[in-house]
Amino acid sequence: MVFSSNIFLFVFLPIFLAVYFLLPFRAKSAWILTGSYAFYGWWRFDFLALLFAVTLASYLVALGMVRAPEFRRRAWLSAGIVGNLAVLAYFKYANFGVSSFNTLVSSLGLQPFAWAPVLLPIGLSFFIFHAISYLVDVYRGGAAPTRNFIDFAAFIALFPHLIAGPVLKYNLLAEQFRSRVHSFALFGQGSHRFMIGFAKKVLIADTIAPLVGQAFDLPNPSMADAWLGTVAYTLQLYFDFSGYSDMAIGLALMLGFRFPENFDHPYISRSITEFWRRWHMSLSSWLREYLYISLGGNRRGRARTYVNLWLTMVLGGLWHGANWTFVLWGAWHGSLLAFERWHGEAGKNASARTSKPPVLAMLGTLLLVMLGWVLFRAESVGSAWTVYRGLFGFNGLALSDDLAWQVRGSQVAVMLLALAFVFVSPSWSRWSEALNIKKAGMRFALRSAVAFVVLPLFALSVLKLNAQSYTPFLYFQF
C-alpha cells in the first residue's frame, strides 16, 4: 500500500485513525503494530514473516546483550548486526552478485551459474537500518533495551516510516512510545503537512515523471535532450522523495510522534558537504553515526579520514540499490566530499570559507549533484554513459524530434513552477519564521492563506490521482 492511493486515503487511514483515537493510550502501540502489519501485508502478506523475524531476533539479541558479561556484549552486537546484514545481502544483493559473477565467467567462456532471481521485499533496507540502530544504541548505552516487545515491534513497523523512511534511530522514538501528546492542533499540523507532501508528489513529481523516462530512453540524446531529462529528474526526485517525507512526518504528527526533518532546501547548497547536511538528512545522520564513526571517522589521521568518507558514501550508494550505477554514484559523492575536506572547505564553516560568490558556489554544487543524478537514474553504466555523451554535446545540440513531440506544455509549466519553488521557498521559510516570532496576527493570516492554497491543491491532487496510472514513490525500490 502507498500513501498516494485511494485504498490508503479513503479506507485504511480513516479506519486506522478512528480506532486509534478511540483506544486508551496503553492499547495504541498494539493498534499501531496491527495497522502497520496490515499496511505492509497489503503488498505481500508472506514477507510479514520476514519483518517479524527481523524484529524478534533484534529484540532478543538486545536483551541477550545487556544480560551478557561485558566481554561478551560485543559478540552479541556483532551477531545481531551480521544477522541483519545477511538478510539484507541475500534479498538485495544476491541477484547483483550472481549476475556480476556470471558476466565475468561468461566473458571467460565458462558456463554461467544457474540462479532463480530473489524478490526484494519492499522497505527491507529501511527496517534493517532501524533494527541495527536499535542494537548499536543499546550497545553504546544511548538507549535502554526495551522489555516491551509490542512497543519495539511498533517502532520497527510504524507505517509512516516503514517502507521509505525517514531512517530513524530508536532513541529518538523510545520515549515517545512511552508518552506523547495528542491534540487537535497537532493533528491539524500533521494533516496540513501530509496534504503538502501529497500535492508535491502527485502534481509535480508525477507530472514530470513521463518526460524523464522519455529523455533517458533515447538511444542518442542531443545536448538539449540530455539536459532537459537531467533537470527534470533532478526535480522529480526531490519532489517525489521530499513529498513522501512530508507525508510521513505529517502522519506521524497525527499520531502524536515527532519525526526529524529529512530535507532542508538541498538544491541551494554551496558545497557537497552542505548538500549532504540538507538532503535525506536522516540517512546522512545514520551513515555518519553508525558507519563513518565506526570506521574510525576523523580520529586516525587525514588520509584515513578521506578513505572513511569515500567508503561511507560508496556503501551508502550500494545501500540505495544493487547496481554498479549506485556504487559509482556513491564513489562520485565520496570523492567530492574527500576533495572538499582536503581542500579545506569542509566542516562547519565550509560555505563561509568558500572563495566563490554564493550564487556561483550554489550553481556549481547543483551541477555536480545533477551529474551524479544521471548515474542514480540510469538503469546501467552504459545508459548513464549515453546520457553523459548527450550532456556534453556528442550527439548534436538542439532538441531532437524524437523527444520534442512528447514534451507537453503542462510539463514545462510544472518544471518552471518547481524550479521557482526550489529557489524561492528558502526565503519564504526564513520570512515566515521571522513572522512567527514577531507578529501573532500576521502569523494567523499567513497560516490561513497557506491553508486556503493547500486545500484546493490537495483536492486537485486527489482528482489527478484518480485519473493517472499507478506511480509508486522512487525510494520504494531501495
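Residues numbered from 1 in each chain as written. Predicted model: local features only at pLDDT ≥ 70, side-chain atom pairs only at ≥ 80, totals over all residues. Heavy atoms only, no water.

The protein chain is annotated in an unreviewed UniProt entry as Alginate O-acetyltransferase complex protein AlgI from Deinococcus yavapaiensis KR-236. Recorded under Sequence similarities (unreviewed entry), the UniProt text for the protein chain is reproduced unchanged: "Belongs to the membrane-bound acyltransferase family." (UniProt positions renumbered as here; feature names shortened; annotations may be inferred.)

Asker: What is the right way to read the packing of helix α5 (residues 124-140) against helix α6 (residues 149-157) from this model?
Answerer: Two quantities define a packed helix pair, namely the angle between the helix axes and the distance between the axes. One way to put it is that α5 packs onto α6 with a least axis distance of 9 Å and a crossing angle of 135°. Relative to α6, the element α5 lies oblique. Here Phe 127, His 130, Ala 131 and Tyr 134 of α5 lie close against α6, whose contacting residues are Phe 152, Phe 155 and Ile 156. Broken down by class, the residue content of the contact of α5 with α6 amounts to 6 nonpolar, 1 polar and no charged. (Axes fitted to C-alpha atoms, helices over the stretch in contact; angles between N-to-C directions. Helix = DSSP H or I, 4+ residues; strand = E, 2+ residues; numbered from the N terminus. Parallel < 35°, antiparallel > 145°, perpendicular 65-115°, else oblique. Contact = heavy atoms within 4.5 Å. Nonpolar A, V, L, I, M, F, W, Y, C, P; charged D, E, K, R; others polar.)

Asker: Looking at this structure, I do not really get the pattern of salt bridges. What am I missing?
Answerer: Opposite charge on two side chains makes pairing possible when the charged atoms of those side chains draw close. By the definition in use, this model includes 11 salt bridges. Here Asp 46 and Arg 44 are joined by a salt bridge, their closest N and O atoms 2.6 Å apart. A relative accessible area of 43% places Asp 46 in the partly exposed class. The salt bridge involving Arg 193 is made with Asp 246; its shortest N-O contact spans 2.8 Å. Here Asp 246 lies in helix α9 (residues 223-254) and Arg 193 lies in helix α8 (residues 184-216), a separation of 53 residues in the sequence. Among the charged side chains, a network of salt bridges with common partners joins Arg 193, Lys 200, Asp 246 and Glu 261. (Salt bridge = Lys/Arg side-chain N within 4 Å of Asp/Glu carboxyl O. Buried < 20%, exposed > 50% of the residue type's maximum accessible area, 1.4 Å probe, protein only.)

Asker: What am I meant to see in the packing of aromatic side chains here?
Answerer: To describe a pair of aromatic rings, you give the distance between the ring centres and the angle between the ring planes. Under the criterion given, the structure shown has 55 aromatic pairs. A ring pair is formed by Phe 12 and Phe 16, whose centres lie 5.8 Å apart and whose planes are at 15°; its orientation type is stacked. Highlighted residues: Phe 12 and Phe 16, both in helix α1 (residues 6-22), separated by 4 residues, approximately one helical turn. For Phe 12, a relative accessible area of 12% corresponds to the buried category. Taking the centre distance of 3.8 Å and the plane angle of 10° together, the rings of Phe 129 and Trp 286 count as stacked. Here the residue Phe 129 occupies a position in helix α5, and Trp 286 occupies one in helix α11 (residues 281-292), the gap between them amounting to 157 residues. (Phe/Tyr/Trp six-rings, centres within 6.5 Å; stacked < 30°, edge-to-face > 60°.)

Asker: I would appreciate a short explanation of the domain arrangement of the protein chain in the present structure.
Answerer: Where the parts come together, the accessible area they lose is often given as the size of the interface. Examined at the domain level, the protein chain breaks down into domain 1 (6-180) and domain 2 (186-476). Spacing between the C-alpha centres of domain 1 and domain 2 amounts to 25 Å. Taken together, the contact between domain 1 and domain 2 spans 40 residues of the former and 38 residues of the latter. Between domain 1 and domain 2 lies a buried interface of about 3,400 Å² when both sides are counted; carbon and sulfur atoms form 72% of it. When the buried surface of domain 1 facing domain 2 is broken down by residue, Phe 96, Phe 129 and Pro 166 rank first, second and third, together holding 17% of it. In this structure, the connection of domain 1 to domain 2 is made through 1 salt bridge. Among the ionic pairs, Lys 169 bridges to Glu 289, the shortest N-O distance being 2.8 Å. Taken together, the connections running from domain 1 to domain 2 amount to 15 residue pairs in polar contact (both at pLDDT 80 or more). Within the residue set of the side of domain 1 that touches domain 2, elements represented by two or more residues are α1, α4 (70-107), α5 and α7 (170-178). Take the side of domain 1 that touches domain 2: its biggest share by element is 9 residues, from α1. Grouping the constituent residues of the side of domain 1 that touches domain 2 by class yields 27 nonpolar, 8 polar and 5 charged. (Domains from an automatic or database assignment. Buried area = accessible area lost by both parts, 1.4 Å probe. Polar contact = N/O pair within 3.5 Å; in protein donor to acceptor, adjacent residues only side chain to side chain.)

Asker: When you look at the environment of Leu 158 in this model, what are you seeing that I'm missing?
Answerer: Structurally, Leu 158 is set in the loop between α6 and α7. Not counting chain neighbours up to four residues away, the residues in contact with Leu 158 comprise Ile 32, Ser 36, Leu 173, Phe 257 and Phe 259.

Asker: Explanation requested: the confidence of the model for the protein chain in the structure shown.
Answerer: This prediction gives the protein chain a mean pLDDT of 89; 91% of its residues lie at or above 70. When the elements of the protein chain are averaged for pLDDT, helix α14 (residues 350-353) gives the smallest value, 52, and helix α16 (residues 381-391) the largest, 96. (pLDDT = per-residue confidence, 0-100.)

Asker: Help me understand α6, please; the structure alone is not making it clear to me.
Answerer: The periodicity of an α-helix, 3.6 residues per turn, causes residues three or four positions apart to be oriented the same way. With 8 of 9 residues buried, α6 lies mostly within the body of the structure. The complete set of buried residues in α6 reads Phe 149, Asp 151, Phe 152, Ala 153, Ala 154, Phe 155, Ile 156 and Ala 157. Tucked inside the fold, the buried residues of α6 contact α2 (25-41), α3 (48-67), α5 and α7. With a side-chain oxygen positioned 3.0 Å from the backbone nitrogen of Ile 150, the residue opening α6 is Asn 148.

Asker: Looking at this structure, how should I read the packing of α3 against α6?
Answerer: Contact pair α3 / α6: the axes reach a minimum separation of 10 Å and the direction vectors enclose 130°. Comparing the axis directions of α3 and α6 gives the class oblique. The handedness of the crossing between α3 and α6 comes out as right-handed. Contacts from Leu 51, Phe 52, Thr 55, Leu 56, Ser 58 and Tyr 59 of α3 reach α6 at Phe 149, Phe 152, Ala 153, Ile 156 and Ala 157. In terms of residue class, the contact of α3 with α6 is made up of 9 nonpolar, 2 polar and no charged. (Left-handed = near helix turned anticlockwise from the far one by under 90°.)

Asker: When you look at the nonpolar core in this model, what are you seeing that I'm missing?
Answerer: Within soluble globular proteins, side chains that are nonpolar generally end up buried alongside one another. Counting 85 residues, the largest nonpolar core has Phe 3, Phe 8 and Phe 194 as its most contacted members. Element by element, the count of residues in this core is highest for α5, at 11 residues. In terms of domain composition, this core takes at least three residues from each of domain 1 (6-180) and domain 2 (186-476). In this structure Phe 194 touches Phe 3, Phe 8, Leu 9, Asp 246, Met 247, Gly 250, Leu 251, Met 254 and Phe 458, once residues within four positions along its chain are discounted. Of all hydrophobic cores here, the second largest spans 46 residues; its members include Leu 237, Tyr 238, Met 313 and Val 422. (Core = buried A, V, L, I, M, F, W, Y, C linked by side-chain atoms within 4.5 Å.)

Asker: What's the story with unusual backbone geometry in this structure? I'm lost.
Answerer: It is generally the case that most residues other than glycine have a negative phi and that most peptide bonds are trans. Residue His 265 is not a glycine yet carries a positive backbone phi of 50°. Locating His 265 in the fold gives a position in the loop between α9 and α10 (272-278). Residue classification places His 265 among the buried positions, given a relative accessible area of 18%. Positive phi, close to 40°, is recorded for His 280, a residue that is not glycine.

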